[in-house]
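One-letter residues, chain by chain:
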Amino acid sequence: MSNDNTTYSSANAVLTQDIVVNEGDVSGCDGNKAEGWKDWTPIGNFGDAYFGTFVGTFDGQNHTISGLYFNDSKKRYVGLVSHNTGTIQNVGVVNSYFKGDLHVSGMCGYNGGTIKNSYNAGTISCTDEYAGGMCGDNYGTIENSYNTGTISGKRLVGGVCGYNGGTIENSYNTETISGENWIGGVCGSAGDDAKTTNCYNIGTVFGTDSRVGGVYGYNNNDTVANCYYLDTCAAEGTTFDNTDGTSKTADQFTNGEVAYLLNFHQTIGEDEIPTLNEQARAVVRLTLTYDETFGDDADTKELYYNAADEVMLEKSTDKAYTYRYFDGETELTEDIYLMTGDAVLTVKKEAVKITVPADVDKLELTYKKAMTEVDLNSYVENAADLG
C-alpha cells in the first residue's frame, strides 16, 4: 500500500498488523492539520473520473488502519479506497479524518464491489452530497459492517452509505448523521431494486429540511426489511417524514430484543447494543403465556436471555396461590429453567389447597388483614368434614 499517487488497481493486499499513518487525535482535528501529518491519497485514486477502480481484494485480517488525513473540499471519491469494484474486507478505519466534495467515506467513495466485515470509526465531512461510513454511494454489496464515526454533508448522507443502489445487510450505525435533506441513520436515499435488510441505527439523525428518517431519508422503491431505529434518535428540531424501519426503545436495544430480531449477538448485561462480534453470546427468546386461570391478568410476555442462561421461574407473590409451568404437556418440576434455545412455556395459576387431618377439631386462619365471613367450601377441599 502506497501513500503516493501510484495506483495498484488490480493488486491484492493483506494487512499483517495494525497501521498508524498519523499520530494524535486525527478524527477530532476538525480539519486542522497538525505539524508532521501526512496527507492520505486514496487507493485507486483516479481524480474526478467516475470509472477507474480498485478491482483487487483488500483483506485487513481484522487489523486497523489509523490516522488517515484527507482534507480537500474540491475532491471527489474520498476514503481508504477511491472507487471499489473489488473486495474490501476485515478492516477497521479508525481515528481518521476525511473531507471532500462528493462521495466521501471512511472505506471508499464509490462501491460497485463488496465491502464486508469492516467498520469506520473516523470523521466524515462532505461539502456537498453522497457521504457514508462505508461508502458515498453503493451499487454493490455491503454486509456485516458498521459505522461509529460522525458523518456530515448537505444531502444524501447516511450512517452506512449516502445512496444505495445495491444491497446492504447486517449493518448498523451508532453515531451522529447530519445534513439538510435525504438524511438517514442507515442510508440517505435509495433507488429502484435496492435492498436493505437486517440493519439498525441508534445514532442521532439531524436534518434541517425534508426527507429525513431513522433508517432511510428517502426510499424510491427500495426493499427495506427487518430494520430498526432508536425511537429517540431524531435530533431536537428534526422531524422524520420517512417511516422505513421499526422504532424501538433504548430498553429493547439493551435487553436483547433487537439483537434477537436481527439474529445478531449480544451478551446481555454487558453489551449495550446488538453486535456483529461473534464472541458475544447468542440471544434466545422465552415466551411465557399466562393462561385463562389468571382471569383478567391473562397475558403473554416475551423475555430475552443468552443461550445457556439459567432462568429462575417467577413465583406467585400472593401466598394464597402458586404458579405451575408447562413445556407443552409436561409440567416443570424445577424452579430453574435452562435456556437451550427459544422456549414457550404456559403458566397456570392455582389456589393453594389446605387439607386438615381428621383428628383436628379446630382450625384458626390468620390473614394479613381482617376478613369478612367467607364460605370455606371455596377455599378448603374438605371443609365439609370440619363440621
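Residues numbered from 1 in each chain as written. Predicted model: local features only at pLDDT ≥ 70, side-chain atom pairs only at ≥ 80, totals over all residues. Heavy atoms only, no water.

Student: Help me understand the overall build of the chain in this model?
Tutor: Of the regular secondary structure elements, the chain holds 2 helices and 36 strands. Burial analysis of the chain (387 residues in total) assigns 46% to the buried set. A sequence separation of at least 24 residues applies to 74% of the contacts in the chain between residues at least 6 apart. When the accessible surface of the chain is summed, it comes to about 19100 Å², and 43% of that surface belongs to carbon and sulfur atoms. (Helix = DSSP H or I, 4+ residues; strand = E, 2+ residues; numbered from the N terminus. Buried < 20%, exposed > 50% of the residue type's maximum accessible area, 1.4 Å probe, protein only. Contact = heavy atoms within 4.5 Å. Areas by Shrake-Rupley, 256 points an atom, 1.4 Å probe, with all protein chains shown as cover.)

Student: It is not clear to me how the packing of aromatic side chains should be interpreted in this structure. Could you clarify?
Tutor: Each aromatic ring pair is specified by the distance between its two centres and by the angle formed by the two planes. Going through the model one piece at a time under the given rule, you end up with 15 aromatic pairs. Taking 5.5 Å as the distance between ring centres and 55 degrees as the angle between the ring planes, the aromatic pair formed by Tyr200 and Phe253 counts as tilted. Placement of the pair is Tyr200 in strand E23 (residues 195-201) and Phe253 in helix H1 (residues 250-254), with a sequence separation of 53 residues. Here Tyr200 and Phe253 have matching classes, each one buried. Arranged with centres 6.2 Å apart and planes meeting at 55 degrees, the rings of Tyr200 and Phe264 form a pair that is tilted. Residue Tyr200 is found in strand E23, and its partner Phe264 is found in the loop between helix H2 (257-262) and strand E30 (283-290); the two are separated by 64 residues along the sequence. With respect to class, Tyr200 is no different from Phe264; both count as buried. Every member of this aromatic cluster is reached through a ring pair, and the members are Tyr119, Tyr146, Tyr172, Tyr200, Phe253 and Phe264. Here Arg211 stacks its cationic end above the ring of Tyr218, 4.3 Å away from the centre of that ring. Directly above the aromatic system of Tyr321 lies the positively charged group of Lys349, at a separation of 4.4 Å from the ring centroid. (Phe/Tyr/Trp six-rings, centres within 6.5 Å; stacked < 30°, edge-to-face > 60°. Lys NZ or Arg CZ within 6 Å of the ring centre and 35° of its normal.)

Student: Is there a simple way to explain the environment of Gly179 in this structure?
Tutor: When you line up the elements, Gly179 lands in strand E20 (residues 177-179). It is 5.2 Å that separates the C-alpha atoms of Gly179 and Gly207, two residues lying 28 residues apart in sequence. Not counting residues within four places of it along the chain, the set of residues in contact with Gly179 comprises Gly153, Lys154, Phe206, Gly207 and Thr208.

Student: Whenever I open this one, the side chain of Glu143 confuses me. Can you help?
Tutor: Along the chain, Glu143 falls in strand E14 (residues 141-143). Nearest to the buried, unbridged Glu143 among oppositely charged side chains is Lys116, at 4.7 Å. If we ignore the near neighbours within four places in the chain, the residues touching Glu143 are Ile115, Lys116, Asn117, Glu169, Asn170 and Ser171. (Lys, Arg positive; Asp, Glu negative; His and termini not counted. Salt bridge = Lys/Arg side-chain N within 4 Å of Asp/Glu carboxyl O.)

Student: Help me understand the confidence of the model for the chain, please; the structure alone is not making it clear to me.
Tutor: Regions with low pLDDT should not have their predicted coordinates read in detail. Averaged over the chain, the pLDDT score is 92; the fraction of residues at 70 or greater is 90%. In this model, residues 1-8 is a region of pLDDT below 50 whose contacts with residues beyond four sequence positions or in other chains number 17 contacts. (pLDDT = per-residue confidence, 0-100.)

Student: When you look at the sheet that holds strand E6 (residues 81-84) in this model, what are you seeing that I'm missing?
Tutor: To summarise the sheet geometry, strands pair through backbone hydrogen bonds and adopt either a parallel or an antiparallel arrangement. Taken together, 6 strands build an open sheet; the order of strands is E6-E9-E13-E18-E22-E26 and the sheet is parallel. Since the sheet does not close on itself, it has two edges, and those belong to E6 and strand E26 (216-219), each with one partner. Averaged over all neighbouring strand pairs, the angle between strand axes comes to 5 degrees, with direction disregarded. In this structure, strand E18 (residues 161-164) lies alongside strand E22 (residues 187-190), joined through 3 bridges in parallel fashion. (Pairing = 2+ DSSP bridges. Axes fitted to C-alpha atoms, helices over the stretch in contact; angles between N-to-C directions.)

Student: Explain the sheet that holds E30 to me, please; I cannot follow it from the model alone.
Tutor: Read across the sheet, 5 strands follow the order E31-E30-E36-E33-E34 without closing on themselves; strand pairing throughout is mixed. The strands lining the two open edges of the sheet, one partner per strand, are strand E31 (299-306) and strand E34 (330-331). Pairing of E30 with E31, which is carried by 8 bridges, proceeds in the antiparallel orientation. Note on E31: the bridge partner recorded for Val284 is Tyr305.

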